[in-house]
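A closer look at the structure
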Amino acid sequence: MQVYIINNLSSSIKHIEKLISETIKKPIIIRYNRLNRVDINTQDIVILSGSHENTAVWNGDIFKNEIEIIKHHKGPLIGICLGHQLIAHSYGSHVHLLPEKVYGLKSIEPTIETDLFDGIEEAQVFESHNWSIQKVNPPLVNLATSGSGIEILKHKERPTFGIQFHPEALEAGDGKQIFQRLLLEIL
């Protein structure tokens, strides 16, 4: 099993790498435009990073290789921020431009029972995004929301998850703990 981080030009890629290294193992980082050079196997874990340059909307050509992975990888996959939005967009869910950027610690609540929130009274996670998902289409399921939209989604049949928040942020709140539980759940 290998862990791959697909770098979508995230300014926090080293923080994501450290977080994953602390939880499971050191990942291999691949730039999104070099995905065609990598052979990802079913047992491999794929992490799709956020981006400080691109959006999921209007960039299907830029992210065509990632969209193929999202649709066809049967192994573990987690999208962070832009990665979360790419998962939703790949399954036909609308990615919505917010009237203003969401930034800082925000409260999220589970929409269905999940172990990801065990022992957490009022979950606070770090947000930094201009886009949100308000509703997901099947086969995706909404696991948690905030005032700005869906915070955690899951594929009904595959170990595919998306998180809108940034668990790698220095002030991640409960986001780091939720993400680490998610990583352990997909193993």
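Residues numbered from 1 in each chain as written. Predicted model: local features only at pLDDT ≥ 70, side-chain atom pairs only at ≥ 80, totals over all residues. Heavy atoms only, no water.

Here we come to the overall build of the protein chain. Per the secondary structure count, the protein chain includes four helices and 10 strands. Starting at the N terminus, the α and β elements of the protein chain follow one another as β-α-β-β-α-β-α-β-β-β-β-β-β-α. Over its C-alpha trace the protein chain gives a radius of gyration of 15 Å, about what one expects of a compact globule, namely 16 Å for 187 residues. Taken over the C-alpha atoms alone, the protein chain extends approximately 45 × 35 × 30 Å along its principal axes. (Helix = DSSP H or I, 4+ residues; strand = E, 2+ residues; numbered from the N terminus. Rg over C-alpha atoms; globule rule 2.2 N^0.38 Å.)

In this section: helix α4 (residues 175-186). Given a rise of 1.5 Å per residue, 12 residues ought to cover 16 Å, and the 17 Å separating the end C-alpha atoms of α4 matches this to within 8%. Listed in full, the buried residues belonging to α4 are Gly 175, Ile 178, Phe 179, Leu 182, Leu 183 and Ile 186. Looking down the long axis of α4, one finds its buried residues gathered within 140° of arc, a one-sided arrangement. In this structure, the buried residues of α4 make contact with α1 (13-23), β3 (45-48), β4 (77-80), β7 (124-133), β9 (149-155) and β10 (160-163). (Expected span 1.5 Å × (residues − 1). Buried < 20%, exposed > 50% of the residue type's maximum accessible area, 1.4 Å probe, protein only. Arc of directions from axis to C-beta. Contact = heavy atoms within 4.5 Å.)

The grouping of Glu 113, Asp 115, Asp 118 and Glu 185 at the surface amounts to a negative patch. With respect to the secondary-structure elements, Glu 113 resides in the loop between β6 (109-110) and β7. For Glu 113, a relative accessible area of 80% translates into the label exposed. (Patch = residues over 30% accessible without salt bridge, like charges linked within 9 Å, V, L, I, M, F, W, Y side chains within 5 Å. Areas by Shrake-Rupley, 256 points an atom, 1.4 Å probe, with all protein chains shown as cover. Salt bridge = Lys/Arg side-chain N within 4 Å of Asp/Glu carboxyl O. Lys, Arg positive; Asp, Glu negative; His and termini not counted. Charge placed at Lys NZ, Arg CZ, Asp CG, Glu CD.)

On to the packing of aromatic side chains. Going through the model one piece at a time under the given rule, you end up with two aromatic pairs. Ring geometry for Tyr 32 and Phe 63: centres 5.6 Å apart, planes at 50°, overall tilted. With Tyr 32 in the loop between β2 (28-31) and β3 and Phe 63 in the loop between β3 and α2 (64-72), this pair connects stretches of sequence that are 31 residues apart. With centroids separated by 5.1 Å and ring planes inclined at 80°, the aromatic side chains of Tyr 103 and Phe 126 adopt a geometry described as edge-to-face. Taken together, the residues Tyr 103 in strand β5 (residues 95-107) and Phe 126 in strand β7 connect sequence positions 23 residues apart. (Phe/Tyr/Trp six-rings, centres within 6.5 Å; stacked < 30°, edge-to-face > 60°.)

The topology assignment puts Pro 139 in the loop between β7 and β8 (140-146). In this structure the C-alpha to C-alpha distance between Pro 139 and Glu 185, which are 46 residues apart in sequence, comes to 19 Å. Residues contacting Pro 139, with those up to four places away along its chain left out, are Tyr 91, Lys 154, His 155 and Lys 156.

Before going further, it helps to examine the packing of α1 against α4. Their axes nearest at 10 Å, the elements α1 and α4 cross at an angle of 55°. Compared by their axis directions, α1 and α4 come out oblique. Read as a crossing pair, α1 and α4 show a hand that is right-handed. Each of Leu 19, Ile 20, Glu 22 and Thr 23 in α1 lies in contact with α4, whose residues at this interface are Lys 176, Phe 179, Gln 180, Leu 183 and Leu 184. Of the residues that constitute the contact of α1 with α4, the class distribution is five nonpolar, two polar and two charged. (Axes fitted to C-alpha atoms, helices over the stretch in contact; angles between N-to-C directions. Parallel < 35°, antiparallel > 145°, perpendicular 65-115°, else oblique. Left-handed = near helix turned anticlockwise from the far one by under 90°. Nonpolar A, V, L, I, M, F, W, Y, C, P; charged D, E, K, R; others polar.)

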